[in-house]
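Secondary and tertiary structure notes
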Amino acid sequence: MRRAGFAVLMLLAGCRPDPGVPDYTDQGYNRPDAGGEPNDEVLPGPYPYVEGQRRLGVGFYEGGRSQDIPVDNTTVHIYLYEGTLSLEPSTTRIEGRQSDLVVHAGKTWLGFGVHWNTPRNLDGWTTLHVSLNSADPGFANVSIGMNDDQSVQLPASQYGYTNDGQWHHLAIPLADFVAGGLQLNAVQAPFVFIAGAGPAADTLLLDNVYFTAD
């Protein structure tokens, strides 16, 4: 499924009207460095990195990787869409020293994403991984997206997410985004998170976001 304007208007996959220029002024998120004390345990995640593997980090990941495109708030940003949520660090994690707590603002939808100023080619990658954990009703319906000039979003439930308060580790084939119309050689947002309406202060834990080449 594809949404114009990065998650506002639901459209059929074949329709690609010009979404205009999104205004993300003052909607960025400075993800804090996990830092921590020397004795803090660094969790390896459900599928620990093995030297020699290809693994790409694009934000929300602290583990080993062969390539990284860090969020620098200059050319790579985390944007919170239209004040629909806040993000907070949490030590309830599955990987690294922290996860990110997504806090619902109580609006009719919720969304955020990692955005690149310049489109990048992800043709060499095959799978997007993310770990999610929530039991709150505001996160009963969750989609994971990627953007070129439009956004292709896929239901997280299709890849194993359940709103049951347990960690679920999703592995989403990039071929499924391509089937929805995404151009992998012109990606502008490698990771987009969308949820539906929910009460204010409902929360979801997000961690362990990376790409692999299988």
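Reading the values: the criteria
Residues numbered from 1 in each chain as written. Predicted model: local features only at pLDDT ≥ 70, side-chain atom pairs only at ≥ 80, totals over all residues. Heavy atoms only, no water. Buried < 20%, exposed > 50% of the residue type's maximum accessible area, 1.4 Å probe, protein only. Helix = DSSP H or I, 4+ residues; strand = E, 2+ residues; numbered from the N terminus. Pairing = 2+ DSSP bridges. Lys, Arg positive; Asp, Glu negative; His and termini not counted. Salt bridge = Lys/Arg side-chain N within 4 Å of Asp/Glu carboxyl O. Polar contact = N/O pair within 3.5 Å; in protein donor to acceptor, adjacent residues only side chain to side chain. Contact = heavy atoms within 4.5 Å.

Looking at an unreviewed UniProt entry, the chain carries the name Lipoprotein, with the source organism given as Myxococcus xanthus.

1. Regarding the pairing of strand E6 (residues 76-80)
Consecutive side chains along a regular strand alternate between the two faces of the sheet. For E6, a buried count of five out of five residues is recorded, marking the element as mostly surrounded by other parts of the structure. The side-chain alternation of E6 yields two buried faces, one formed by Val76, Ile78 and Leu80 and the other by His77 and Tyr79. As paired strands, E6 and strand E10 (residues 109-116) are joined by five bridges and run antiparallel to one another. Counterpart to leucine 80 in the pairing with E10 is phenylalanine 112.

2. Some details on unusual backbone geometry
At phenylalanine 60, a residue that is not glycine, the phi angle is positive and equals roughly 65°. Topologically, phenylalanine 60 is positioned in the loop between strand E4 (55-57) and strand E5 (67-68). For phenylalanine 60, a relative accessible area of 2% translates into the label buried. Look at asparagine 73: it is not a glycine, yet its phi comes out positive at around 60°. Looking at the element boundaries, asparagine 73 is found in the loop between E5 and E6.

3. Quick word on the side chain of glutamate 95
Along the polypeptide, glutamate 95 turns up in strand E8 (residues 95-96). Buried charge without a partner: glutamate 95 forms no salt bridge, and the closest opposite charge is arginine 65, 6.0 Å away. In terms of polar contacts, glutamate 95 uses its side chain to reach the backbone amide nitrogen of glutamate 62, at 2.9 Å. Within polar-contact distance, the side chain of glutamate 95 engages the backbone nitrogen of glycine 63 at 2.7 Å. Beyond its immediate stretch of four places on either side in the chain, glutamate 95 contacts Leu43, Pro44, Gly45, Phe60, Tyr61, Glu62, Gly63, Asp207 and Asn208.

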